[in-house]
Amino acid sequence: MPAAPHDPRPLTGEPLSLDLLNTRWVHDGARQDLLTGVEGLAVWLAANGLAERFPADGPTLEHVLRARDALASAVDSPGDPAAAARVDRILGHGRIRATLSAEGPGEEPEFTDVTWGAAWLAARDYLNLLATAPDRIRGCAHEACVLHFFDTSRNGTRRWCSMAACGNRAKASRHYARSRDGR
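Draft legend 1. Quick peek at the overall build of the chain. Along the backbone of the chain there are six helices and six strands. Helices and strands appear in the chain in the N-to-C order α-β-β-α-α-α-β-β-α-β-β-α. Within the chain, buried positions represent 38% of all 183 residues. Put simply, 47% of the contacts in the chain that link residues at least 6 apart link residues at least 24 apart. Surface accessibility of the chain: about 10400 Å² in total, with carbon and sulfur atoms responsible for 52%.

Pasting the structure below:
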């Protein structure tokens, strides 16, 4: 079995919808984008266990990019009807089919076209997050960071995508400002 391609993103492992948003990030002041081609799509699909189910091809990339833009609008402007309509258009390309098997009742996603599958699953995941805890869908509090996360902390006060990165940078900036002002 071939090794999974290297994922260069600073934050991975978030729920699928937010992980899709996190395919854009800032590194050394420059915006980065994992999804500039099918190679990056293959990395993202592999990172989310979707590589076996969906092709890393041009049509899938196009649909995933449309879903990312729709989700970014919805996350950045909660309650905006235009943003909701964009997500809804992505959701129009699939559905959940109820199933019954020897293991019991279940659900199976179905897509109008398999190249919409990953985009649809990301949009569907966003609905699940909204149903679970919409107030826990957050953007990093660091002014130079564009990453998103689902706050799973016990008290719901997480502010940074990563305490080791953005949290420490913010603390260092505050410390530097205090020490400079104290001179």
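Picking up after the structure, the text goes on.
Draft legend 2. Seen up close, the packing of helix 3 (residues 58–76) against helix 4 (residues 81–91). Direction vectors running N to C along helix 3 and helix 4 enclose 150 degrees, while the axes themselves pass 8 Å from each other. Judged by the inter-axis angle, helix 3 sits roughly antiparallel to helix 4. Crossing angle aside, the handedness with which helix 3 passes helix 4 is left-handed. For the pair helix 3 and helix 4, contact is made by Arg66, Ala67, Asp69, Ala70, Leu71, Ser73 and Ala74 and by Ala83, Arg86, Val87 and Ile90, respectively. Residues that form the contact of helix 3 with helix 4 fall into these classes: seven nonpolar, one polar and three charged.

Draft legend 3. How the structure looks around the packing of aromatic side chains. Scanning all chains against the criterion turns up two aromatic pairs. With 5.6 Å between their ring centres and 70 degrees between their planes, Phe54 and Phe111 make a pair best called edge-to-face. Taken together, the residues span a long stretch of sequence, with Phe54 in the loop between helix 2 (38–47) and helix 3 and Phe111 in strand 4 (residues 104–111) at a distance of 57 residues. Judged by centre distance (5.6 Å) and plane angle (70 degrees), the rings of Phe111 and Trp120 are edge-to-face. Residue classification places Trp120 among the buried positions, given a relative accessible area of 3%. Here the aromatic cluster, defined as three or more aromatic residues joined through ring pairs, consists of Phe54, Phe111 and Trp120. Stacked on the ring of Phe149, the Lys or Arg Arg158 has its end atom at 4.0 Å from the ring centre.

Draft legend 4. Highlighting the side chain of Asp7. Here Asp7 lies in the segment before helix 1 (16–21). When sequence neighbours within four positions are dropped, the list of residues in contact with Asp7 reads Thr12, Leu34, Val43 and Ala47.

Draft legend 5. Expanded view of the packing of helix 4 against helix 5 (residues 117–132). Contact geometry of helix 4 with helix 5 gives a least axis separation of 8 Å together with a crossing angle of 130 degrees. Relative to helix 5, the element helix 4 lies oblique. When you trace helix 4 past helix 5, the crossing you get is left-handed. Mapping the contact onto sequence places Val87, Ile90 and Leu91 in helix 4 and Ala119, Trp120, Ala123, Arg124 and Leu127 in helix 5. Tallied by class, the residues present in the contact of helix 4 with helix 5 amount to seven nonpolar, no polar and one charged.

Draft legend 6. Region of interest: the side chain of His63. Tracing the chain through its elements places His63 in helix 3. At a separation of 3.1 Å, a polar atom in the side chain of His63 contacts the main-chain carbonyl oxygen of Thr115. Within polar-contact distance, the side chain of His63 engages the side chain of Trp116 at 3.4 Å. The residues touching His63, leaving out its near neighbours within four places in the chain, are Thr115, Trp116 and Ala119.

Cut-offs used in this document
- For every chain, the first residue of the written sequence is number 1, and numbering continues from 1 along that sequence.
- Local features in a predicted model are, by the rule used here, given only for residues with pLDDT of at least 70; side-chain atom pairs are given and counted only at 80 or more, and totals for whole chains, interfaces and linings are based on all residues.
- The basis for every side-chain value is the complete set of non-hydrogen atoms in the structure, without hydrogens or water.
- Put simply, DSSP marks the helices as runs of H or I at least four residues long and the strands as runs of E at least two long, and each gets a number from the N terminus on.
- Only protein chains enter the accessibility calculation, which uses a 1.4 Å probe; a residue whose area is less than 20% of its type maximum is buried, one above 50% is exposed, and one in between is partly exposed.
- We call two residues in contact whenever any of their non-hydrogen atoms come within 4.5 Å of each other.
- In short, Shrake-Rupley with a 1.4 Å probe defines the accessible areas, and a residue's cover is counted only from the protein chains shown.
- The axes are straight lines fitted to the C-alpha atoms, using for helices just the contacting stretch, and the angles between their N-to-C directions are given from 0 to 180°.
- Angles are sorted into four bins: roughly parallel if under 35 degrees, roughly antiparallel if over 145, roughly perpendicular if 65 to 115, and oblique for all others.
- The handedness criterion is simple: a crossing whose near helix is rotated anticlockwise from the far helix by less than a right angle is left-handed, and one whose near helix is rotated clockwise is right-handed.
- Amino acids are sorted into nonpolar (Ala, Val, Leu, Ile, Met, Phe, Trp, Tyr, Cys and Pro), charged (Asp, Glu, Lys and Arg) and polar (every other residue, Gly among them).
- Aromatic rings from Phe, Tyr and Trp, taking only the six-membered ring of Trp, are treated as a pair when their centres fall within 6.5 Å; an angle between ring planes under 30 degrees marks them as stacked, one over 60 as edge-to-face, and anything in between as tilted.
- Two conditions define a charge sitting above a ring: the NZ of Lys or the CZ of Arg must be within 6 Å of the ring centre, and it must be within 35 degrees of the ring normal.
- Two N or O atoms form a polar contact when they lie within 3.5 Å of each other; inside protein one atom must be a possible hydrogen donor and the other a possible acceptor, and for residues adjacent in sequence the pair counts only when both atoms belong to side chains.

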